[in-house]
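Spelled out from the first residue to the last, the chains are:
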Amino acid sequence: MRVNPVGTIEILTGSHSHGQGHETSFAQVVAERLGISINQVQIVHGDTDKVQFGMGTYGSRSAAVGLTAIVKAMEKMEAKARKIAAHQLEASEGDLALLICRPFPA
């Protein structure tokens, strides 16, 4: 998972879509959790320059395996964001709530 400075999220996954709609379902989960537009989420799969290891389509396990990994990555990102914000604000991590700021419309 990459959080880009322009407010977009890039999800790198080792699973690969063969028509099951991973691009949509994975992006929907990320967008919903972070409170952003689905248009701000890009799913990257099958790109061996970016994803070091993959197992193919996973068939019916794609959501169970792939989405679980994405949710775990979001949890790590949220914890890291909270830690950085707490340091910058000289506050306790437990006192902070994660609010995602949406970019201004063009």
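The rules behind the values
- Residues numbered from 1 in each chain as written.
- Predicted model: local features only at pLDDT ≥ 70, side-chain atom pairs only at ≥ 80, totals over all residues.
- Heavy atoms only, no water.
- Helix = DSSP H or I, 4+ residues; strand = E, 2+ residues; numbered from the N terminus.
- Buried < 20%, exposed > 50% of the residue type's maximum accessible area, 1.4 Å probe, protein only.
- Contact = heavy atoms within 4.5 Å.
- Areas by Shrake-Rupley, 256 points an atom, 1.4 Å probe, with all protein chains shown as cover.
- Polar contact = N/O pair within 3.5 Å; in protein donor to acceptor, adjacent residues only side chain to side chain.
- Right-handed = clockwise from strand over helix to strand, strands pointing away.
- 1 Å grid on protein atoms, 1.4 Å probe; cavity = no way out; pocket = protein on both sides within 12 Å on 5 of 7 lines; lining within 4 Å.
- Points joined across faces, edges and corners; volume = space filled by probe spheres on them.
- Nonpolar A, V, L, I, M, F, W, Y, C, P; charged D, E, K, R; others polar.
- Core = buried A, V, L, I, M, F, W, Y, C linked by side-chain atoms within 4.5 Å.

Enquirer: So, the overall build of the protein chain: which residues are in play, and what are the values?
Expert: In terms of helices and strands, the protein chain carries two helices and three strands. Secondary structure of the protein chain in N-to-C order comes out as β-β-α-β-α. Counting all 106 residues of the protein chain, 26% fall into the buried class. Sequence-distant contacts in the protein chain: of pairs separated by 6 or more residues, those separated by 24 or more amount to 63%. Of the roughly 7,200 Å² that the protein chain leaves accessible, carbon and sulfur atoms contribute 55%.

Enquirer: Lay out the side chain of H45 in plain terms, naming residues and giving numbers.
Expert: For H45, the location among the structural elements is in strand β3 (residues 41-45). Judged by relative accessible area, which is 17%, H45 ranks as buried. Of note is the side chain of H45, whose polar atom sits 3.0 Å from the side chain of E23. In this structure, H45 is in contact with T13, S15, H16, S17 and E23, ignoring residues within four places of it in sequence.

Enquirer: Can you tell me about unusual backbone geometry, naming the residues and giving the values?
Expert: Non-glycine residue E90 carries a positive phi angle of around 55 degrees. Tracing the backbone through its elements, the reader meets E90 in the segment after α2 (62-89).

Enquirer: So, the pairing of β3: which residues are in play, and what are the values?
Expert: Most of β3 is tucked away, with four of its five residues classed as buried. Handedness of the crossover joining strand β2 (residues 9-13) and β3 through helix α1 (residues 22-34) is recorded here as right-handed.

Enquirer: Any chance you could break down the layout of surface pockets for me, citing the residues and the numbers?
Expert: Space left empty within the atom packing is revealed by a probe, the size of a water molecule, rolled over the atoms. Considered as a void within the structure, the second largest pocket measures approximately 150 Å³ in volume. As for the second largest pocket, its lining consists of twelve residues, and the residues nearest its centre are L12, T13, G14, G66 and A69. For the lining of the second largest pocket, the secondary-structure elements that each account for two or more residues are β2 and α2. It is α2 that contributes the most residues to the lining of the second largest pocket, five residues altogether. Across the lining of the second largest pocket, the residue classes break down as eight nonpolar, four polar and no charged.

Enquirer: Which residues make up the nonpolar core, and what are the values?
Expert: With 14 residues, the main nonpolar core has I11, V30, L34, V41 and I70 as its most contacted residues. Every element with two or more residues in this core is listed here: β2, α1, β3 and α2. With five residues, α1 is the largest single contributor of residues to this core.

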